[in-house]
Amino acid sequence: MKNIILTGDRPSGKLHIGHYVGSLKRRVELQNSGKFDKIYVMIADAQALTDNFDNPDKVRANITEVALDYMACGIDPAKSTIFVQSHVAELTELTFYYMNLVTLARLERNPTVKAELKQKNFELSIPMGFLTYPVSQTADITAFKANTVPVGEDQLPMLEQAREIVRSFNGLYGETLIEPKAVLPENKACLRLPGTDGMAKMSKSLGNCIYLSDSADEIKRKVMGMYTDPNHIKVTDPGDTEHNPTFIYLEAFSTQEHFAKYLPEYANLDELKAHYQRGGLVDLNVKKFLNAVMQEILEPIRLRREELAKDIPAVWDMLYKGSEEARKVAAANLADVKKAMKIDYFADR
Ligand code: TRP
């Protein structure tokens, strides 16, 4: 069996550091590991339209932003096929056949869909396109025979549902589709990076994100304004590091080398944490260190992004090439699906 990756993001906003540690960084490592036969990275514009159908301009603008974010982080079009979902019409056809294998009740039970319906105030009047996006996501994955899907933790229910659809399909029509598995970050702090305000998730609507495209000043302002431990009032008070986003970020981003370079008084994060926990460590010093770490990580990404942004037509050329290539692969796999279902009536003409 071939090792194939398919993954992607909705272009509903620029990507932020939660995307970076939650999945982008891992994708780049997997890309450069040489262990994969093919890597597809999809900009899921059709899926983004399921909850932005009233604002296609926003989706369009963010296709460019996400493509820039990808390349700035090291996703390399020479090694990975970056493509736009809506260009691959075969995905829609697959979705239509897979719809027969899923019940309404099962879709309504999907925990990620459930949470999103609530968050978007869709509960009273659910758009069908939105409710069925897990089915279309199954099409995205299986159209490329992907076995590996590096994503954030919130996508686990999608993968579970995809595996169920694959099993039903293979059971009914014979072994055709590959059951995919998710690849998540190993570091707990990276699984779900909280917002700078301490809220459980970074989200554009909450204004608690640090973007990959943020300027050095914006990063500094956001880090210095971060929520910490509200009970750490006097410096001498014992502080909590476990629910404190500044420490969660350090857990996700800082390395031994960062300590040696910027905070040599402490050997590592454990020592810094211990000091905070027993009291006597001022939040400002933690934030200054975190700022140095974030600046070091984000500066090269931002500079590369600025360089790439100088030639937007080249970005669209790259996306077009990737999308054409993806379309060919999806078409071949769709033909296998139709054959398995015995609906390939005209295949031998
Ligand atoms: N649901 C993903 C997101 O919210 C985007 C996506 C669409 C995706 N299809 C996919 C991710 C297939 C992995 C595999 O960003």
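Just so we're clear, the structure is a prediction, and the values are computed from it rather than from any experiment.

(A) Representation of the overall build of the protein within the structure. If you tally the helices and strands in the protein, you get 16 helices and five strands. Along the first, second and third principal axes, the C-alpha atoms of the protein reach 80 × 45 × 40 Å. The buried share of the protein, reckoned over its 349 residues, is 53%. Considering only contacts within the protein whose residues lie at least 6 apart along the sequence, 76% involve residues at least 24 apart. When the accessible surface of the protein is split by element, carbon and sulfur atoms take 53% of a total near 16,800 Å². Separation of charge centres in the protein, based on 44 positive and 48 negative side chains, amounts to 2 Å.

(B) Representation of the site of the ligand within the structure. Taken together, 14 residues lie around the ligand, and Arg-10, Gln-47, Gln-137, Asp-140 and Gln-155 are the ones closest in. The separation between an oxygen atom of the ligand and a polar main-chain atom of Arg-10 is 3.2 Å. About the coverage of the ligand: the protein hides 93% of its 370 Å² of free accessible area. Of all the secondary-structure elements, those providing two or more residues to the shell around the ligand are β1 (4-9) and α8 (133-142). At four residues, β1 tops the list of elements feeding residues into the shell around the ligand. Here the shell around the ligand is composed, by residue class, of six nonpolar, five polar and three charged.

(C) Examining the packing of aromatic side chains more closely. Counted according to the given criterion, the structure contains eleven aromatic pairs. Ring geometry for Tyr-40 versus Phe-144: centroids 4.6 Å apart, planes at 40°, classification tilted. Separated by 104 residues along the polypeptide, Tyr-40 in strand β2 (residues 38-43) and Phe-144 in the loop between α8 and β4 (148-150) bring together distant segments of the chain. We classify Tyr-40 as buried; its relative accessible area is 3%. Of the residues examined, Phe-144 reaches a relative accessible area of 1% and is grouped as buried. Each ring, one from Phe-83 and one from Phe-144, has its centre 5.2 Å from the other, and the planes form 45°; the classification is tilted. One end of the pair, Phe-83, is in strand β3 (residues 81-84); the other, Phe-144, is in the loop between α8 and β4, with 61 residues separating them in the sequence. The class of Phe-83 is buried, set by a relative accessible area of 0%.

(D) Fine view of the side chain of Thr-138. Checked against the element boundaries, Thr-138 lands in helix α8. Judged by relative accessible area, Thr-138 falls into the buried class, the value being 0%. Contact partners of Thr-138, with chain neighbours within four places excluded, come to Tyr-98, Gln-161, Ala-162 and Ile-165.

(E) Inspection of the nonpolar core at higher detail. Ile-17, Phe-253 and Leu-272 are the most contacted members of the largest nonpolar core, which has 58 residues in total. Counting contributing residues, this core receives three or more from each of domain 1 (4-192 + 312-340) and domain 2 (216-306). Apart from residues lying up to four places away in sequence, Phe-253 is in contact with Ile-17, Tyr-20, Val-21, Leu-193, His-258, Val-293, Met-294 and Ile-297. Counting 42 residues, the second largest nonpolar core, distinct from the first, contains Phe-83, Leu-101, Val-102 and Ala-330.

(F) Inspection of unusual backbone geometry at higher detail. With a phi close to 60°, Asn-121 is a non-glycine residue in the positive phi region. Summarising the element assignment, Asn-121 is placed in the loop between α6 (111-119) and α7 (128-131). Positive phi values are uncommon outside glycine, yet Lys-145 reaches one of about 50°. By the element assignment, Lys-145 lies in the loop between α8 and β4.

(G) How the structure looks around the pairing of β1. Most of β1 is tucked away, with five of its six residues classed as buried. A crossover connection joins β1 to the parallel β2 through helix α1 (residues 17-33); in handedness this β-α-β unit is right-handed.

(H) Summary view of the environment of Tyr-276. Along the polypeptide, Tyr-276 turns up in helix α14 (residues 269-278). Relative accessible area serves as the criterion here: at 0%, Tyr-276 is assigned to the buried category. Spatially, the C-alpha atom of Tyr-276 lies 18 Å from that of Gly-225, the residues being 51 residues apart in sequence.

Calculation notes
- Residues numbered from 1 in each chain as written.
- Predicted model: local features only at pLDDT ≥ 70, side-chain atom pairs only at ≥ 80, totals over all residues.
- Heavy atoms only, no water.
- Helix = DSSP H or I, 4+ residues; strand = E, 2+ residues; numbered from the N terminus.
- Buried < 20%, exposed > 50% of the residue type's maximum accessible area, 1.4 Å probe, protein only.
- Contact = heavy atoms within 4.5 Å.
- Areas by Shrake-Rupley, 256 points an atom, 1.4 Å probe, with all protein chains shown as cover.
- Lys, Arg positive; Asp, Glu negative; His and termini not counted.
- Charge placed at Lys NZ, Arg CZ, Asp CG, Glu CD.
- Near = heavy atom within 4 Å.
- Polar contact = N/O pair within 3.5 Å; in protein donor to acceptor, adjacent residues only side chain to side chain.
- Nonpolar A, V, L, I, M, F, W, Y, C, P; charged D, E, K, R; others polar.
- Phe/Tyr/Trp six-rings, centres within 6.5 Å; stacked < 30°, edge-to-face > 60°.
- Core = buried A, V, L, I, M, F, W, Y, C linked by side-chain atoms within 4.5 Å.
- Domains from an automatic or database assignment.
- Right-handed = clockwise from strand over helix to strand, strands pointing away.

Note that every value here comes from positions in space, so none of it alone points to a role or purpose.
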